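# Descriptive analysis of the structure
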Amino acid sequence: MKISVCIPMYNEALIAADTARTVWTAMDALRRENGVDFEILFADDGSKDECARLVEEAAEADHLDGVRVVGYGENRGKGAAVRHAILHSTGDIVIYTDCDLAYGTDVIGEVISLYTDDTDAIIGSRRLSGDGYEGYTFIRKLASKVYIRILCSIGGFRLSDSQCGFKSFRGDAARKIFEKCETNGFAFDFEVLMLAAKLGLNIREMPVRIINHRESKVHVLRDSFRMLRDMTKIKIRVRRVNFD
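Anyway, here's the lowdown on the structure attached to this text. (Residues numbered from 1 in each chain as written. Predicted model: local features only at pLDDT ≥ 70, side-chain atom pairs only at ≥ 80, totals over all residues. Heavy atoms only, no water.)

### Details of the sheet that holds strand 3 (residues 67-72)
Selection criterion: A pair of strands counts as paired when DSSP detects no fewer than two bridges linking them. The helix and strand labels rest on DSSP assignments: H or I over at least four residues marks a helix, E over at least two residues marks a strand, and numbering proceeds from the N terminus. Interaxial angles span 0 to 180 degrees and are taken between N-to-C directions of axes, which are lines fitted to C-alpha atoms, for helices over the stretch in contact.
If you walk across this open sheet you meet the seven strands as 3-2-1-4-6-5-7, and the pairing is mixed. The sheet is open, and its two borders are formed by strand 3 and strand 7 (203-207), each paired with just one other strand. Within the sheet, the average angular offset between the axes of one strand and its neighbour, ignoring direction, is 20 degrees. Relative to strand 4 (residues 93-96), strand 1 (residues 2-9) is paired through four bridges, and the arrangement is parallel. Within the sheet, the bridge partner assigned to C6 lies in strand 4 and is Y96.

### Focus: helix 1 (residues 16-34)
Basically, it comes down to this: The span expected for a helix works out to 1.5 Å for each residue beyond the first. Exposed residues in this analysis have more than 50% of their type's maximum accessible area, buried residues have under 20%, and partly exposed residues fall in between, with area computed by a 1.4 Å probe over protein chains only. What makes two residues a contact is simply this: any of their non-hydrogen atoms within 4.5 Å.
For helix 1, with 19 residues, the first-to-last C-alpha span of 26 Å sits near the 27 Å given by 1.5 Å per residue. Those residues of helix 1 that sit buried are A16, A17, T19, A20, V23, W24, A26, M27, D28, A29 and L30. Where helix 1 is buried, its residues touch strand 1, strand 2 (37-45), helix 2 (51-61), strand 3 and helix 4 (106-114).

### A short note on the packing of aromatic side chains
Applied cut-off: Classification of ring pairs rests on two measures: the distance between centres of Phe, Tyr or Trp rings, Trp counted by its six-membered ring, which must be within 6.5 Å, and the angle between planes, read as stacked under 30 degrees, edge-to-face over 60 and tilted in between.
Counting across every chain of the model gives two aromatic pairs. Measuring from centroid to centroid gives 6.2 Å for Y96 and F178, while their planes differ by 90 degrees, and the two rings are edge-to-face. Taken as a pair, Y96 in strand 4 and F178 in helix 6 (residues 171-180) lie far apart in primary sequence, 82 residues in all. Here Y96 and F188 contribute two aromatic rings whose centre-to-centre distance is 5.8 Å and whose plane-to-plane angle is 45 degrees, an arrangement assigned as tilted. Of this pair, Y96 sits in strand 4 while F188 sits in helix 7 (residues 188-198), and the two are 92 residues apart along the sequence. The same class applies to Y96 as to F188, namely buried.

Following this line, the structure appears as structure tokens:
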């Protein structure tokens, strides 16, 4: 089995190299314990700093086999970066998580162990864990929960947490879904899950909690309005999608 870990990054020079080392160490332990193969793809979302070079230098200096950088020159958004990484992936299971490793690395081994023959996707949910929102500011917690309620009422969303930054899919299904995705901003998760439902995937949820906290790149008011606007467009677009 091969695991692809996909990590979007934009101006992450302060942490990108350490993230590469941390994820590689976790994946190397899984390789030695369980015999899994892996790749770690950093998708550079048109960064203005040297994060891509720093990851490549760390990979070479520390012999981090399987670590590579993919990307493009112009900043497009997190959705575009995740899509770019997944469409370059080759794993049997594809995982994406944020560069700050907000949910740690133990969740990678946990999610792999939960896959069964009838499981197509497993996504993290902060709402399934009693301490899932621990350490969040009141505004971030409120915005997240209100957004999810709106998704449920307007978008027909049935899972408990669309915006959790930790998700995994069977590789073939992930690449099929992301080939159809067009949303570049933060609402891309909603599009992904709507397409997964249309494809008839069996999606499970697993409880996660934030381990590493930092200031969010989401502007609560501005990005919430954008996500709601994008949600309407996504619903219309997904209805027209045909999977061959």
